[in-house]
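Single-letter residue listing:
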Amino acid sequence: EKGHRALCTKEAEAALKATQCTIDALNNAIKGGQPIFVELQSHDKYGGRVLGDVIIGGQKLSQLLIANGHARPYFGEKKSSWCN
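## A few points about the pairing of strand 2 (residues 50-56)
Regular strands place their side chains on alternate faces of the sheet.
Phase 1 of the analysis: Two strands pair when backbone bridges link them, and strand 1 (residues 36-43) and strand 2 are joined in this way by 7 bridges, in the antiparallel orientation. The residue of strand 2 that forms the bridge with Val-38 is Val-54.
Phase 2 of the analysis: Two successive antiparallel strands, strand 1 and strand 2, enclose a turn made up of 6 residues, where Gly-47 displays a positive phi of approximately 85°.
Phase 3 of the analysis: Judged from the 2 bridges that link them, strand 2 and strand 3 (residues 59-60) form a sheet pairing that is antiparallel. Paired with Ile-55 across the strands is Lys-60, a residue of strand 3.
Phase 4 of the analysis: From the end of strand 2 to the start of strand 3, which pair antiparallel, there are 2 residues, and Gly-57 there has a positive phi angle of about 55°.

Basis of the calculations
Residues numbered from 1 in each chain as written. Predicted model: local features only at pLDDT ≥ 70, side-chain atom pairs only at ≥ 80, totals over all residues. Heavy atoms only, no water. Pairing = 2+ DSSP bridges. Helix = DSSP H or I, 4+ residues; strand = E, 2+ residues; numbered from the N terminus.

What follows is the structure, given as structure tokens:
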């Protein structure tokens, strides 16, 4: 979580690193002429947000963030804190 939603300094710093990783991946794709797509999947369990993924040069952004330690897989269970 970023900004006021972060529960601790560690979580806020991790969010900034994830943001920078995303920016770097998008910039590299644009400079390299790679395609960028948005893959829409469904709505969240509350029906408000649209869930999906960004595909950068054939790689899912979610997988890139997980592989680099900036995100964790989530399957609807209670989220674990980044503050511990």
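Now that the structure has been shown, we can carry on.
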